[in-house]
Each structure stands twice: as C-alpha cells, then as structure tokens.
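Tertiary structure, described
What follows is the residue order along each chain.
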Amino acid sequence: MEDNDIKIFVSKSKRENDDSFALIDEMNEQRANGNLQKAKDMGTYLAERFLNTDEMKAALEGAVGSLDYPEKIIFQIKILVFFTAEVCINRLLPNALIKSTATNAIYDIIVDRAGDFYTTFSDGIEYSFYYLAIKQENYVCEIGKAFAMLCNKKNDEQFKQLGKDIFTVVANEIDAIIRRYEFEK
C-alpha cells in the first residue's frame with residue numbers, strides 16, 4: 001500500500017467553521033430581534049392575500065380598473081403579483097436570511113393551499129421573462145411588455161399599461177407592508 005492510497009480524515013477548514021458559526025450567530029440574532037418571525041408572518045400574510053383571487057382582484061381594481069378577464073389572464077395577474085412580491089422582498093428586507101425566510105413562507109403557503117397553482121406556475125416560464133425585464137433600465141415598461149406578451153396580447157397597449165400598473169401598485173403596497181412590520185436592520 002502506498003501513501004497515496006491512505007485516506008486521512010481532514011476536518012473542515014477554519015473558514016468553513018467560521019462561516020457556520022457566523023450563520024448560527026446571524027440566525028440567533030434575527031430570531032432574538034424578531035425578524036425571523038416577522039418574515040414568516042409577512043410571507044404567510046402576502047401568500048394568503050394574493051391567493052384569494054376575489055380579495056386580490058378587489059384590491060387591484062381600485063387602482064387599475066376592472067379585472068373582468070378570463071381565468072388565463074387572472075392566472076397571469078397572480079403570477080405578476082407574486083413575482084412583484086418576491087422582487088420587493090429581495091430589495092427591501094435587511095439581509096439574505098430574512099429575505100429567504102419570507103420568500104419560503106410564501107411558497108410554503110402556496111404549495112400547501114394552492115398546489116395546482118404552484119405546479120402550473122413553477123413549471124412555467126413567466127418568471128424568466130419577468131427576471132429579464134427587471135434587469136432592464138426601464139424595467140417597469142419592460143414588465144408591462146412581458147405581461148402583455150404572456151397574456152397573448154403582445155401589441156395591446158392597454159395590456160402593457162395594465163402590467164405596469166399592477167407591478168407599480170403591488171410594489172407600493174408591499175413596500176408599505178414591509179415598513180409596517182418594522183424589521184430591524
């Protein structure tokens with residue numbers, strides 16, 4: 001047997017241990033200051049609010065006008081609403097742990113209470129188009145274009161405007177909701 005054939009147990013590097021301890025410290029800090037629970041509660045609230053089609057439509061109609069559309073269009077509106085929620089969470093919450101906790105809470109509720117919706121939208125490509133749009137300089141207009149295209153209304157200016165309006169209204173609402181939760185920085 002040669003020396004190269006002998007496997008020697010090597011413990012984790014000091015850096016890996018430091019990273020693990022830093023994560024544990026961060027979790028403990030976020031738990032102690034209440035941010036973890038706030039993130040879970042907020043994610044649950046957003047999911048429940050947006051999964052309820054009647055409540056979602058009523059909240060949006062006051063700002064964007066009538067949403068008397070076929071189910072396929074309402075599905076696209078829900079996708080845009082959840083995408084907007086995720087974007088806002090990632091932009092406005094204080095750190096990665098809190099962002100992922102809120103996002104995971106949303107998706108846990110969706111899977112638990114609307115599995116068919118989750119399966120359909122998780123298998124879809126809608127988010128890809130919105131992610132491409134959000135990277136553009138004039139992303140609100142690009143999101144409107146993506147929304148219109150996903151609704152098979154690519155050249156319909158009213159649908160482009162509707163997509164922009166939904167994104168803006170929902171982003172403003174989520175911004176206000178996040179501020180109400182008063183996350184610690």
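Check the entry above for the structure.
Turning to the environment of K99, a few remarks are in order. Considering the arrangement of structural elements, one finds K99 in helix α5 (residues 96-113). Distance from K99 to E86, taken between C-alpha atoms, is 8.7 Å for residues 13 residues apart in sequence. If near-sequence neighbours (up to four positions away) are discounted, K99 is found in contact with I89, N90 and L93.

Turning our attention to unusual backbone geometry. With a phi angle near 60°, N152 is a residue other than glycine that sits in the positive phi range. On the accessibility criterion, N152 (72% relative accessible area) is exposed. Look at E182: it is not a glycine, yet its phi comes out positive at around 50°. Structurally, E182 can be placed in the segment after α9 (157-181). With a relative accessible area of 56%, E182 lands in the exposed category.

Definitions and cut-offs
Residues numbered from 1 in each chain as written. Predicted model: local features only at pLDDT ≥ 70, side-chain atom pairs only at ≥ 80, totals over all residues. Heavy atoms only, no water. Helix = DSSP H or I, 4+ residues; strand = E, 2+ residues; numbered from the N terminus. Contact = heavy atoms within 4.5 Å. Buried < 20%, exposed > 50% of the residue type's maximum accessible area, 1.4 Å probe, protein only.

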